[in-house]
Amino acid sequence: MSATPIDNTLLATGPVEEPVNYLNVDHSIKSWLLTGDHKRIAILYLFSTLFFFFLGSVAASMIRLELTSPVGMILESETYNKVFTAHGVIMIFFFLVPAIPAVLGNFLVPLMIGARDLAFPRLNLLSWYLYIIAGALILTVLATGGVDTGWTFYTPYSSMYSNSQVTMSIIAVFLAGFSSIFTGINFIVTIHKMRAPGMTWFRLPLFVWAAYATSVVVILGTPVVAITLLLVVFERVFHLPIFNPELGGDPVLFQHLFWFYSHPAVYIMILPAFGVQSELIANFSRKRVFGYHFVAFSTLAISALGFVVWGHHMFISSESMYQSVVFSLISFLVAVPSAIKIFNWTATLYKGTIRLQAPMLYALGFMGLFTVGGLTGLFLASLGTDVHLTNTYFIVAHFHYVMVGGSITAFMGGLHYWWPKMTGKIYNDGIAKVNALLVFVGFNLTFFPQFIAGFVGMPRRYHYYYLIPEVQAYHILSTAGASVLAISFVIPAVYLLQSLKSGPKASANPWGAHGLEWETQSPPITFNFTETPIVTDEVYDFDPVSEFEQERANAEMTDPGNDAAVTHTGEELPSGGTE
Amino acid sequence: MAETPLHAAHDHIIPPRVYVLNLLALLALMAATVAIAEKVQFPAFWIFSGTFLNSAAAMTIACIKAFLVIMFFMHIKWSTNLTKLYAIAGFVWLSLLFITLGDYMTRQYEPAPGWTGKQESALPRVIGAHDHLPNDANEANLRPRQ
Amino acid sequence: MATAHADPHDEYSPLKHQYEDIEQQNECYTVGMWTFLVTEIMFFGALFFTYTLYRWNYQEDFYLAHEHLNVTLGAINTTILLFSSFTMVMGVHYAQLKDKLKVLGSLTVTMGCAFAFLVIKYFEYAEKFRDHLYPGANFTTDAASLHGANLNHAQLFFGLYFGMTGLHAIHIIIGILCIGTLAGMWAKGNKLVTEDYLPTEMIGLYWHFVDLVWIFLFPLMYLMPQPYK
């Protein structure tokens, strides 16, 4: 790839101290709120999703505080139902589903494929506005009494009996779903049609493969939950009986339709994390991903197989035994592609030049935590054990291991890794590394005791457990861990924001990584590249034995104040050689 | 960048005759499907009852009509392979949802009774008395909303 | 930054900045619209599945309840929609030929057909309401008026009927708004639609999809065969 010199083709008026980029090209509010630039929309999403993450965490803290006592500490039963519903709805629909795709995906997909923007910039902006409107609605729900059906909105409680804000929260989820659909449409078309010359499918970074697979799942699954939830609203508001058992309707039909989306939804939440993980592992072991084709195809396999396993959420809901056997079998099969990825990442690490910087610590944490989460899923896929473990805290621990230990860890890793590219500033990696360890410790302390608590019988969504007081010890450990985890999520906000204010400026490629996004300046100009890149090299084209690579990788991020460490074309290296 | 034409090379204009013929075919099929449903009685064949075959005929005609609309009115016949792929994908994927029927069709073989379509209540059965928890039991939750 | 101009003297180019040439842009818009239609297929598809399930289980009662539906009006509606599909695709054809008057004519006829569809639908709904066939507290208690059908299952049928045709009608209304906006832009000579036929084509695709849904709804709801062994 030719190294393009930084070229100020968009000159701002007046004396310019820093090169023009997508952030400083226009400071007006209107330019931000009416932007078509995918990078600005990614930043808008970053702030909105983090706001909802904070809200969801507040709900989580209330749950954890409540559970320290077997007879409840601070919440009535009604309110407890509303709090865990709020936690689920906000975390799933307003943080996990949009986070990596809408923040990192929006920012990186065009950069990684060498395009100037996504295929439909205004649709992208509409996507964000739908998300904001949905967010406003869910805030209204919280302010006007909340919803107590659980994030799963099971009928007939949600359609016939609940007196809480079911309709408004369903409309909020509906709009958030369409927001993700529009993002998915954008990614699919962009990745198919707007790759730079020479960027074949098998030269794509694995993050782009993951974004593509995620978008396919979003397109095919989200409309089903949209209509299902809409039917609940129709039943509540227009009295159209669909799931009403008194008239011969079947409430379990709701569960079938709901989980037809909601199981693929968990793959929506983890596939982008897999994409980030591939990028981190490759770039921090200075090695191309082992078995690239296997990882790419297993991503597609997960998105396809993920659509035919939804019945494993309904094993105890009067689902036919024979159907359950089929779902159980396929659920075991769907674990295979995920395992393939773990094996390939491990093989990538082998004989790589491992750099233990903060994003890599998150990536390594992901490997372990996701493996635990995934393996515990197999206990739940097996019919016999599922009867014992379902609706207990074992399930809660399982999905938090994959979603927090998997998705959120990868999000943190990706955020740190691409922070210099997105903001042009370098954060303090020392504190970040310590914080990554803190996340790992806090997370395990929070969720590992929950496995045991669930196994000995603690049901989920209960706040009174005085009949099994022995689990209180596990709950207290869990709450202690939650406190540590909470602190470890606040600290990054502090040092990342501080880097914005006073961090050293980043060059185009502070990590010495490979990828089209690292070929352009940090932060990029509005149209990403000064010339359309022509791709001739393979992806992750590392030369592992090159000392120069090691030097370049190590220099800038660990020694950010040293300008000599930053390499430019034709300049001297710290060791005295020239490029 | 070299000059590029405003109209893509493969954008050929389809003669209106194609559209008129398509419309006539669709209207004919519509008349056929109404006639078959109202007038024709299918005999039973193998495991399929006459009613089922009639419904199958109606659905087949509907599929043919859909195919004609998609091919000619929606221009799939002259579209790129990518567009064709996406058009097919939606219908193929919808068929996955019908796996759910497998659940309902095999419930009759289950040892425990369930929702089999017979006149039977699907409401939960109260097996025995249960403890009432303190500070709880908002009985209003057990009544349907007015 | 690369932009393409077909004619150096032409100020306006329909090519957007993120695309390399008009062919790429056209294909992106077409694939994008189809991807959206795929989501609509899955959206309506879940309703069709629900209908399939309940009709399979309550065949007799659904048949008896469906006898209240007016097949003639349904057939007229189907004809109207098929014809509107034809006029819509003719509108796209004239847009390719850049014939503004014919485009406006086609779009107006399409909208007229859509309105006619809604008017007939209104009459059908009015009849149902008059006969107390809307599910809920006011549903009829007279089984004889439904030819002896189980009233609970009949409520399920009408619930699905109103739900599915109602959702379809909402999509027709959205279609009318879209076609109306498109016609307005053509009338004003807005270069966005006059210089590039893709926007018209995309609205056409949406309209054909609405027609597709009705092609399946009509036989499923109106043309039920009598259950006999």
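What counts, and where the lines are drawn
- Counting restarts for each chain: residues are numbered from 1 in the order of the written sequence.
- Key to labels: chains lettered from A, ligands numbered from 1, both in the order written.
- Per-residue local features are limited, in this predicted model, to residues with pLDDT of at least 70; the limit for side-chain atom pairs, both in listing and counting, is 80 or more; totals at the level of whole chains, interfaces and linings are taken over all residues.
- Only heavy atoms go into the side-chain values, all of them from the structure, while hydrogens and water stay out.
- Going along the chain from the N terminus, every DSSP run of H or I of four or more residues is numbered as a helix, and every run of E of two or more is numbered as a strand.
- Exposed residues in this analysis have more than 50% of their type's maximum accessible area, buried residues have under 20%, and partly exposed residues fall in between, with area computed by a 1.4 Å probe over protein chains only.
- Residues are treated as being in contact if the distance between any of their heavy atoms lies within 4.5 Å.
- For a compact globule the rule gives 2.2 Å times the number of residues to the power 0.38, and the radius of gyration it is set against comes from C-alpha atoms.
- The method behind every accessible area is Shrake-Rupley, applied with a 1.4 Å probe, and residues are considered shielded solely by the protein chains displayed.
- Under this rule, positive means Lys or Arg and negative means Asp or Glu; His and the chain ends count for nothing.
- A charged residue contributes its charge at one atom only: NZ of Lys, CZ of Arg, CG of Asp or CD of Glu.
- By salt bridge we mean one thing: a side-chain nitrogen of Lys or Arg within 4 Å of a carboxyl oxygen of Asp or Glu.
- Angles run from 0 to 180 degrees between N-to-C directions of axes, and those axes are lines fitted to C-alpha atoms, restricted for helices to the stretch in contact.
- Each angle receives one of four descriptions, namely roughly parallel if under 35 degrees, roughly antiparallel if over 145, roughly perpendicular if within 65 to 115, and oblique otherwise.
- Left-handed describes a crossing whose near helix is turned anticlockwise from the far helix through less than a right angle; right-handed describes the clockwise counterpart.
- When residues are grouped by polarity, Ala, Val, Leu, Ile, Met, Phe, Trp, Tyr, Cys and Pro land in nonpolar, Asp, Glu, Lys and Arg in charged, and all others, Gly among them, in polar.
- Pairs of N or O atoms within 3.5 Å make up the polar contacts considered here, provided that, within protein, one atom can donate a hydrogen while the other can accept it, and that residues adjacent in sequence are counted only when both atoms are side-chain atoms.
- A helix is expected to reach a length of 1.5 Å times the quantity of its residues less one.
- Classification of ring pairs uses Phe, Tyr and Trp, with its six-membered ring standing for Trp, and accepts pairs whose centres are within 6.5 Å; under 30 degrees between planes counts as stacked, over 60 as edge-to-face, and the remaining range as tilted.
- Whether a charge sits over a ring comes down to the Lys NZ or Arg CZ being within 6 Å of the ring centre and within 35 degrees of the ring normal.
- Confidence of the prediction at every residue is given by pLDDT, a number between 0 and 100.

Caption draft 1: Quick look at the overall build of chain C. Of regular secondary structure, chain C possesses seven helices and zero strands. Shown N-terminal to C-terminal, the secondary structure of chain C runs as helices and strands in the order α-α-α-α-α-α-α. When its C-alpha atoms are laid out on the principal axes, chain C stretches across 75 × 35 × 30 Å. Within chain C, the proportion of its 229 residues that are buried is 64%. When contacts within chain C are restricted to residue pairs at least 6 apart in sequence, those whose partners lie at least 24 apart make up 77%.

Caption draft 2: How the structure looks around the overall build of chain A. When helices and strands are tallied, chain A shows 16 helices and zero strands. Computed over C-alpha atoms, the radius of gyration of chain A comes to 24 Å, within 12% of the 25 Å expected from 2.2 N^0.38 for 579 residues, which places it in the range of a compact globule. Here chain A holds 579 residues, and the buried ones make up 63% of them. Taking the contacts inside chain A whose residues are at least 6 apart along the sequence as the reference set, 81% of them involve residues at least 24 apart. Approximately 20100 Å² of chain A is accessible, and the part contributed by carbon and sulfur atoms is 68%. Measuring between centres, the 25 positive side-chain charges of chain A sit 3 Å from its 34 negative side-chain charges.

Caption draft 3: How the structure looks around the side chain of A:R40. Residues and elements named next belong to chain A. Among the secondary structure elements, R40 is positioned in helix α2 (residues 38-66). Buried charge R40 goes without a salt bridge, the closest partner of opposite sign being D37 at 4.9 Å. If we ignore the near neighbours within four places in the chain, the residues touching R40 are Y22, L23, V25, D26, S31, W32 and T35.

Caption draft 4: Expanded view of the packing of helix α9 (residues 292-305) of chain A against helix α10 (residues 321-349) of chain A. All names here are of chain A. At a closest axis distance of 9 Å, the pairing of α9 and α10 adopts a crossing angle of 155°. It follows that α9 is roughly antiparallel to α10 by the angle criterion. For the pair α9 and α10, the crossing hand works out as left-handed. Taken together, the residues of α10 that come into contact with α9 (itself represented by F294, V295, S298, T299, A301, I302 and L305) are I330, L333, V334, P337, S338, I340, K341 and N344. When grouped by side-chain class, the residues that make up the contact of α9 with α10 number ten nonpolar, four polar and one charged.

Caption draft 5: The pattern of salt bridges, seen in detail. This structure, assessed with the given rule, holds eight salt bridges over all chains. Here C:E27 and A:K193 are joined by a salt bridge, their closest N and O atoms 2.8 Å apart. Of this pair, C:E27 sits in helix α1 (residues 22-57) while A:K193 sits in helix α6 (residues 166-193), which puts the two residues in different chains. For C:D131, the salt bridge identified is with C:R130, shortest N-O distance 3.7 Å.

Caption draft 6: Highlighting the interface of chain B and chain C. With 63 residues of chain B in contact, the opposing surface of chain C contributes 68 residues. If you look at where chain B meets chain C, you find zero salt bridges. Taken together, the connections running from chain B to chain C amount to four residue pairs in polar contact (both at pLDDT 80 or more). Those elements that place two or more of their residues in the side of chain B that touches chain C are α1 (16-39), α2 (50-73), α3 (81-97) and α4 (100-106) of chain B. For the side of chain B that touches chain C, the element with the highest residue contribution is α2(B), accounting for 13 residues. Tallied by class, the residues present in the side of chain B that touches chain C amount to 40 nonpolar, 19 polar and four charged.

Caption draft 7: Expanded view of the environment of A:Q165. All names here are of chain A. Within the secondary structure layout, Q165 lies in the loop between α5 (157-161) and α6. Considering only alpha carbons, one finds Q165 and L142, 23 residues apart in sequence, at a separation of 8.7 Å. Ignoring sequence-local partners within four residues, the contact set of Q165 consists of V141, T144, G146 and V147.

Caption draft 8: Quick peek at unusual backbone geometry. Residues and elements named next belong to chain A. With omega at -5°, the peptide bond leading from T155 into P156 counts as cis. Here P156 is to be found in the loop between α4 (121-143) and α5. With an omega of -15°, the peptide bond running from S522 to P523 counts as cis. Summarising the element assignment, P523 is placed in the loop between α15 (472-502) and α16 (547-558). One non-glycine residue, R461, lies in the positive phi region at around 65°. With respect to the helices and strands, R461 occurs in the loop between α14 (429-455) and α15. One non-glycine residue, N528, adopts positive backbone phi at about 70°. Here N528 shows up in the loop between α15 and α16.

Caption draft 9: Fine view of α1(B). Taking 1.5 Å of rise per residue, the 24 residues of α1(B) would be expected to cover 34 Å, and the 35 Å separating its terminal C-alpha atoms lies within 8% of that figure. Looking at the buried residues of α1(B), the elements they touch are α2 of chain B together with α3 (71-96) and α7 (198-222) of chain C.

Caption draft 10: Region of the structure containing the packing of aromatic side chains. The tally for this structure, following the rule as stated, stands at 79 aromatic pairs over all chains. Here the aromatic rings of A:F366 and A:F370 are separated by 5.5 Å at their centres, their planes lie at 10°, and the arrangement is stacked. In this pair, A:F366 and A:F370 both sit in helix α11 (residues 358-381), four residues apart, roughly one turn of the helix. Both residues of the pair, A:F366 and A:F370, count as buried. Considering the side-chain rings of B:F72 and B:W78, the 6.1 Å spacing of their centres and the 65° angle between planes classify their relative orientation as edge-to-face. Stacked on the ring of A:W32, the Lys or Arg A:R40 has its end atom at 4.3 Å from the ring centre.

Caption draft 11: Representation of the confidence of the model for chain A in the model. Mean pLDDT over chain A: 90, with 91% of residues reaching 70 or higher. Across residues 565-579 of chain A the pLDDT falls below 50, and counting only partners more than four positions away or on other chains, this stretch makes 21 contacts in the model.

Caption draft 12: Representation of the environment of A:E556. The residue A:E556 is located in helix α16 in this model. The spatial distance from the C-alpha of A:E556 to the C-alpha of A:A513 is 12 Å, given a sequence separation of 43 residues.

Caption draft 13: Representation of the packing of helix α8 (residues 251-284) of chain A against α10(A) in the model. All names here are of chain A. Following both chains from N to C, one finds α8 and α10 inclined at 15°, their axes separated by 10 Å at the closest point. Considering the angle they form, α8 stands roughly parallel to α10. The interaxial crossing formed by α8 with α10 has left-handed handedness. Listed contacts from α10 to Y267, F274, Q277, S278, I281 and A282 of α8 are V334, S338, K341, W345, T348 and L349. Residue composition of the contact of α8 with α10, grouped by class: seven nonpolar, four polar and one charged.

Caption draft 14: Structural view of the confidence of the model for chain C. Residues and elements named next belong to chain C. For chain C, the mean per-residue pLDDT works out to 89, and 95% of the residues sit at or above 70. By mean pLDDT, helix α6 (residues 191-194) is the weakest element of chain C at 86, and helix α4 (residues 100-130) is the strongest at 95. Quick note on the complex model: pTM equals 0.89, ipTM equals 0.91.

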